[in-house]
Amino acid sequence: MTLADRTLARFSVLVGPAPDLVVRAPGRVNLIGEHTDYNDGFVLPAAIGLQSIVAVRRRPDGIVRMVATDFGDAVSEFDVAQAIARDADQPWSDYIRGVMTILQAEGVELGGFDMLVAGDIPQGSGLSSSASLSVASGMALGGLFAPDRFDATQIALIAQRAECDFVGMRCGNMDQLASALGAADHALLIDCRSLAVQPVMLPPGVAVLIVHSGISRGLVDGHYNERRAQCEAVARQLGAAALRDVTEDQLAAVRADLDPVAHRRARHVVTENARTLAAAAAMAAGDLVKLGELMAASHASMRDDFEITLPAIDDLVAELQTAIGLHGGARMTGGGFGGAVVALVEADAVGAVARHVEARYRTPDGNKPLIMVERAHAGAAFL
Ligand code: GLA
């Protein structure tokens, strides 16, 4: 049974009548371009097969009743006539509550509904479980209460605002755009300022390997928001709208005037933007060697300049790099401080690479890591 089938079966048990709408929204893996999105820069993510599913049905009585099958059918409920507040007991519902507040701010008149949510993206893995839930609920509630009003990009931006303004994680727009706009067999080169999206085909014969370190990201919103503030401060100091507008030479020229930590943070973003554009070109050219070099440099920059990796993640990446050799590469993916590592590997080397990592890496609780062989999937859709 697929996740969607299981969700529908559960919906009929918990709610009864069939849902009005069912939406799936994928998680994403970022191939390169980390912490560049909120600096108006470039990212290269791909939507993956792991996903969130949301099923909704209107209610006549103004009650909003949300059920999470992944949390033992936990319920979060309120009357839509009330002001929407966070639910400290059921924090998963805050992503949906956040989407509701943004839809209301956009003038959408919401009514009551039953909603069932389910997903298979490991939380805290850096694979965007929260963005996929926000995008799925945005599409579902938009579809229910404002049909045909928002396109996929607008839904992604509503989901992002929900996370920033309501949940309090000052994220960029990469995760939501990747989930909403993903394309099968393609990564997306996204200009996070103009929102131009260019699909780049994954070279045939190349597998996307995701290895979960088993270190859950945990309470990182603080670190994340701090990094973002540091980047914005450097941009202000340089009189730039965003670090996107700063070149490596410009940054080098003002190095003596900058706090050393601030300088390193900015250097990561400025060099990562350049690496992301170069990686999209290398991918289009099928140049796996160049891609591997860029991924290695990206990881080193996250480790040394942005300081968002952990020693165990550095070790995992190094093991992958050893096993992969020159044809492909590996780096941590996502916001950092734990989560997953992504690798691009020639398809016929996948087995050997996986065996190497299983023999050498252990999660904090002593287990072999979860290894997923992925490909790029289409973005969010009504089922
Ligand atoms: C998280 C955020 C994204 C992005 C990445 C880092 O996933 O939600 O907006 O900033 O971290 O690249």
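Scroll up a little and you will see the structure.
Everything numeric here is computed off the predicted structure, so don't read it as measured data.

So, how was this worked out
Residues numbered from 1 in each chain as written. Predicted model: local features only at pLDDT ≥ 70, side-chain atom pairs only at ≥ 80, totals over all residues. Heavy atoms only, no water. Helix = DSSP H or I, 4+ residues; strand = E, 2+ residues; numbered from the N terminus. Rg over C-alpha atoms; globule rule 2.2 N^0.38 Å. Buried < 20%, exposed > 50% of the residue type's maximum accessible area, 1.4 Å probe, protein only. Contact = heavy atoms within 4.5 Å. Pairing = 2+ DSSP bridges. Axes fitted to C-alpha atoms, helices over the stretch in contact; angles between N-to-C directions.

1. Here we look at the overall build of the protein chain
Then comes step 1: Within the protein chain, the secondary structure is distributed over 11 helices and 13 strands.
Then comes step 2: What you see for the protein chain is a C-alpha radius of gyration of 21 Å, in line with the 21 Å of a compact globule of 383 residues.
Then comes step 3: Across its three principal axes, the protein chain shows a C-alpha extent of roughly 60 × 50 × 40 Å.
Then comes step 4: Put simply, the protein chain has 383 residues, and 57% of those count as buried.
Then comes step 5: Partitioning the contacts of the protein chain with sequence separation of at least 6, the portion at a separation of at least 24 is 73%.

2. Side note on the sheet that holds strand E9 (residues 206–212)
Then comes step 1: If you trace the 4 strands from one edge of the open sheet to the other, you get E10-E11-E9-E12, paired in antiparallel fashion. What marks the edges here is a single partner per strand, and that holds for strand E10 (328–332) and strand E12 (370–374). Neighbour-to-neighbour, the strand axes of this sheet turn through a mean angle of 20 degrees, independent of strand direction.
Then comes step 2: Here helix H10 (residues 311–324) sits on the sheet and contacts E9, E10 and strand E11 (340–346); the angle it forms with E10, its principal contact strand, is near 175 degrees.

3. Some details on the sheet that holds strand E3 (residues 45–59)
To summarise the sheet geometry, strands pair through backbone hydrogen bonds and adopt either a parallel or an antiparallel arrangement.
Then comes step 1: Pairing is mixed in the open sheet, where 6 strands are placed in the order E5-E4-E6-E3-E1-E13. Only two strands of the sheet have a single partner each, and these edge strands are strand E5 (74–79) and strand E13 (381–382).
Then comes step 2: Relative to E3, strand E1 (residues 21–30) is paired through 9 bridges, and the arrangement is antiparallel. Bridged to leucine 21 within E3 is valine 56.
Then comes step 3: Across the sheet, helix H1 (residues 3–14) lies against E1, E3, strand E4 (63–68) and strand E6 (112–119), angled at about 140 degrees from E6, the strand it touches most.
Then comes step 4: Packed on one face of the sheet, helix H2 (residues 93–105) meets E4, E5 and E6 and runs near 25 degrees to E5.

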